Amino acid sequence: VQLQASGGGLVQAGGSLALSCVASRRTFSNYDMGWFRQAPGEEREIVAGISWDGGRTYLADSVKGRFTISRDNAKNTGYLQMNSLKPEDTAVYYCAARIGQYYSGSPLNSGYNDWGQGTLVTVSS
């Protein structure tokens, strides 16, 4: 599945941004989806994941209470709502997908093999 992420930008600390990830296929509903980020000089890390039906979610400890992951399968779109942003959230954010039935019940923080291009989020202090 091809993925297109958007919604990044420049925001002040404490502000909010909403990222979107549109999938190319109507079978998006068969895919688990994840959001990752990579800061300059750092390795890519998982931010959040959501199962194909939205029934399970995962949030990294660093974003719990601030970020929310969701999806609308009718629109082939996943979302990452980011609130109370901090300068350390500055990174390129990527959405990713994996076939849900292959990973049924497995943790949502790994196993992704379809990736979109990134969208840059910059949080100023």
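Data block above holds the structure.
Here is a short report on the structure shown in this document. (Residues numbered from 1 in each chain as written. Predicted model: local features only at pLDDT ≥ 70, side-chain atom pairs only at ≥ 80, totals over all residues. Heavy atoms only, no water.)

### Observations regarding the state of the cysteines
Right, on to step 1. This model, assessed by the stated rule, comprises one disulfide.
Right, on to step 2. Through a disulfide, C21 is tied to C95; the S-S separation comes to 2.2 Å. Taking the sign of the S-S torsion, 70° for the link of C21 and C95, the bridge is right-handed. Taken together, the residues C21 in strand β3 (residues 17-23) and C95 in strand β9 (residues 91-99) connect sequence positions 74 residues apart. (Disulfide = S-S within 2.5 Å. Helix = DSSP H or I, 4+ residues; strand = E, 2+ residues; numbered from the N terminus.)

### What to know about the pattern of salt bridges
Right, on to step 1. A full pass over the atoms with the stated rule returns five salt bridges.
Right, on to step 2. Across the pair D32 and R98 runs a salt bridge, and its minimum N-O distance is 2.9 Å. Taken together, the positions of D32 in strand β4 (residues 31-38) and R98 in strand β9 put the pair 66 residues apart, joining distant regions of the chain. Per residue, the accessibility class of D32 equals that of R98, and both read buried.
Right, on to step 3. The salt bridge partner of D89 is R66, with a shortest N-O separation of 2.7 Å. (Salt bridge = Lys/Arg side-chain N within 4 Å of Asp/Glu carboxyl O. Buried < 20%, exposed > 50% of the residue type's maximum accessible area, 1.4 Å probe, protein only.)

### Some thoughts on the environment of T77
Right, on to step 1. Looking at where T77 falls in the secondary structure, it is placed in strand β8 (residues 77-82).
Right, on to step 2. Those residues in contact with T77 that lie beyond four places of it in its chain are S20, C21, V22, F28, R71 and D72.
Right, on to step 3. Separated by 2.7 Å, the side chain of T77 and the backbone oxygen of K75 make a polar contact. (Contact = heavy atoms within 4.5 Å. Polar contact = N/O pair within 3.5 Å; in protein donor to acceptor, adjacent residues only side chain to side chain.)

### A closer look at the nonpolar core
Right, on to step 1. With 29 residues, the main nonpolar core has W35, V47, F67, L80, M82 and Y93 as its most contacted residues.
Right, on to step 2. If we skip the residues at most four places from it in the chain, F67 touches R37, V47, L59, L80, Q81, M82, N83, L85, D89 and Y93.
Right, on to step 3. Judged by nonpolar contacts, the second largest core, of five residues, contains I46, A96, L108 and Y112. (Core = buried A, V, L, I, M, F, W, Y, C linked by side-chain atoms within 4.5 Å.)

### Examining the packing of aromatic side chains
In this description, an aromatic ring pair is defined by two values, namely the gap between the centres and the angle between the planes.
Right, on to step 1. Enumeration according to the criterion identifies two aromatic pairs in this entry.
Right, on to step 2. Relative to Y112, the ring of F36 lies with its centre 5.5 Å away and its plane at 80°, an arrangement referred to as edge-to-face. Pair noted here: F36 is in strand β4 and Y112 is in the loop between β9 and β10 (114-115), with a separation of 76 residues, a long-range link.
Right, on to step 3. Put simply, the rings of F36, Y112 and W115 pair up and form one aromatic cluster.
Right, on to step 4. Looking at R44, its charged tip hangs above the ring of W115, at a distance of 3.8 Å from the centre.
Right, on to step 5. Above the ring of F28, the side-chain terminus of R71 is found at 4.3 Å from the ring centroid. (Phe/Tyr/Trp six-rings, centres within 6.5 Å; stacked < 30°, edge-to-face > 60°. Lys NZ or Arg CZ within 6 Å of the ring centre and 35° of its normal.)

### A word on the sheet that holds β8
Right, on to step 1. Spatially, β1-β3-β8-β7 is the arrangement adopted by the four strands of the open sheet, whose pairing is antiparallel. Every other strand in the sheet has two partners, leaving β1 (3-6) and β7 (67-72) as the edge strands with one partner each. Averaged over all neighbouring strand pairs, the angle between strand axes comes to 15°, with direction disregarded.
Right, on to step 2. Pairing analysis gives six bridges linking β3 to β8, with the strands arranged antiparallel. Paired with C21 across the strands is G78, a residue of β8. (Pairing = 2+ DSSP bridges. Axes fitted to C-alpha atoms, helices over the stretch in contact; angles between N-to-C directions.)

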